[in-house]
Amino acid sequence: MRKYTLLLALVGMTFGSVQAQTETQTLFGNGKVKTWGILLNSQVQYAEVLGESVFFSNVKGGFVFNEKWVVGVNVGQSLHEIPRYNDLTMMTENLEFTQGGLYLEYRLFPHKLVHVSIPISVGVLQTESEQDNFSPWGNYEDDREYTNFYLEPGLNIELNVSKFIKFQVGASYRFNDAMIAPQSFNSNLKINHHPMFNAGITLGIDNLPKAAKQLKQALIKK
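Residues numbered from 1 in each chain as written. Predicted model: local features only at pLDDT ≥ 70, side-chain atom pairs only at ≥ 80, totals over all residues. Heavy atoms only, no water.

For this particular structure, what's the right way to read the environment of Lys60?
The residue Lys60 is located in strand S2 (residues 52-65) in this model. A relative accessible area of 8% means that Lys60 is categorised as buried. Linking Lys60 and Val73, residues 13 residues apart in sequence, is a C-alpha distance of 5.7 Å. The residues contacting Lys60, other than those within four sequence positions of it, are Leu39, Leu40, Asn41, Gln43, Val73, Asn74, Tyr103, Pro119 and Ser121. (Helix = DSSP H or I, 4+ residues; strand = E, 2+ residues; numbered from the N terminus. Buried < 20%, exposed > 50% of the residue type's maximum accessible area, 1.4 Å probe, protein only. Contact = heavy atoms within 4.5 Å.)

Explanation requested: the nonpolar core in the structure shown.
Considering soluble globular proteins, one finds that nonpolar side chains tend to be buried as a cluster. Grouped together as the largest cluster of nonpolar side chains are 14 residues, with contacts concentrated most on Val49, Leu50 and Phe97. The set of elements that each furnish at least two residues to this core consists of strand S1 (36-49), S2, strand S5 (91-108) and strand S7 (138-160). What Val49 contacts, discounting residues up to four positions off in sequence, is Val54, Phe97, Ile191 and His194. (Core = buried A, V, L, I, M, F, W, Y, C linked by side-chain atoms within 4.5 Å.)

Explain the side chain of His115 here, please?
Inspection of the secondary structure assignment puts His115 in strand S6 (residues 114-135). Polar side-chain contacts of His115 include one of 3.2 Å to the backbone oxygen of Lys112. Side-chain polar atoms of His115 contact the side chain of Glu158, separated by 2.7 Å. Residues within four places of His115 in sequence aside, it is in contact with Leu108, Phe109, Pro110, Asn156, Ile157, Glu158, Asn160 and Lys166. (Polar contact = N/O pair within 3.5 Å; in protein donor to acceptor, adjacent residues only side chain to side chain.)

Which parts of the structure should I look at to understand the packing of aromatic side chains?
Describing an aromatic ring pair means giving the distance of the ring centres and the angle of the ring planes. The final tally for this structure, using the stated rule, is 4 aromatic pairs. Consider the rings of Phe56 and Phe97, whose centres lie 5.9 Å apart with planes at 55 degrees: the pair is tilted. Highlighted residues: Phe56 in strand S2 and Phe97 in strand S5, separated in sequence by 41 residues. Of the two residues, Phe56 and Phe97, both sit in the buried class. Lys112 extends its terminal NZ or CZ atom over the ring of Phe109, reaching a point 4.8 Å from the ring centre. Stacked on the ring of Tyr150, the Lys or Arg Arg174 has its end atom at 4.0 Å from the ring centre. (Phe/Tyr/Trp six-rings, centres within 6.5 Å; stacked < 30°, edge-to-face > 60°. Lys NZ or Arg CZ within 6 Å of the ring centre and 35° of its normal.)

What am I meant to see in unusual backbone geometry here?
For residues besides glycine, phi is generally negative; the peptide bonds are generally trans as well. In this structure, Asn66 takes a positive phi of about 55 degrees despite not being glycine. Mapped onto the fold, Asn66 is located in the loop between S2 and strand S3 (69-78). Even without being a glycine, Glu67 presents a positive backbone phi close to 60 degrees. Position of Glu67 among the secondary structure elements: in the loop between S2 and S3.

For this particular structure, what's the right way to read the pairing of S1?
In summary, the side chains of a regular strand alternate between the two faces of the sheet. Along S1, the buried face is formed by Gly37, Leu39, Asn41, Gln43, Gln45, Ala47 and Val49; none of Trp36, Ile38, Leu40, Ser42, Val44, Tyr46 and Glu48, which line the opposite face, is buried. Inspection of the sheet shows S1 paired to S2 by 14 bridges, in the antiparallel sense. Note on S2: the bridge partner recorded for Ala47 is Val54. The antiparallel pairing of S1 with S2 creates a hairpin that spans 2 residues between the two strands, and Leu50 there sits at a positive phi of about 55 degrees. Bridge analysis of S1 against strand S9 (residues 194-205) gives 9 bridges, and the strand direction is antiparallel. The residue bridging Leu39 from the neighbouring strand is Gly204, located in S9. (Pairing = 2+ DSSP bridges.)

Right, dumping it as structure tokens:
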């Protein structure tokens, strides 16, 4: 009887050891969310679009998981109108850009003073052209729009200014794909793939439950 008991125990230990060794490991720590937080990022982006220099204001808001993964949304627009000569109409037009979408980001060694983050964004970019035209009946504006999807992977270097503030600089590359086929009169609004550069500040709490607990304890002591 003791032999059978010992044999069953050995089989159980072997099975448990094999199961532990074959358990799949993931970047999320076996799928477990240990900590969560929130952040708000404000940045300025620079790019050359349609042959013109463009500065974008961009705001990101998201949730932080395990202090490494960030999932959120972003919205932005060009900071100024961009005058451009239109070869088709032989007149000057003003361009404006509006963008918005989702993003996913992974941070490498986020607790170090200087670390790296890898964001990837996907969204929609709308280009609007305004042009003043003249006719015997008076002046009027000719507005044209071009909308496309974009995919934008990037690489940022972040500096931990304080526990809740980060400064970042980085670069990304935007792949543009047409969503609405342009007609012949606005085909010159089609945007090519292009690099982008950014600088910004992130305000956030990576571990919100822990921060709330610490604040509660500090208030109790007072």
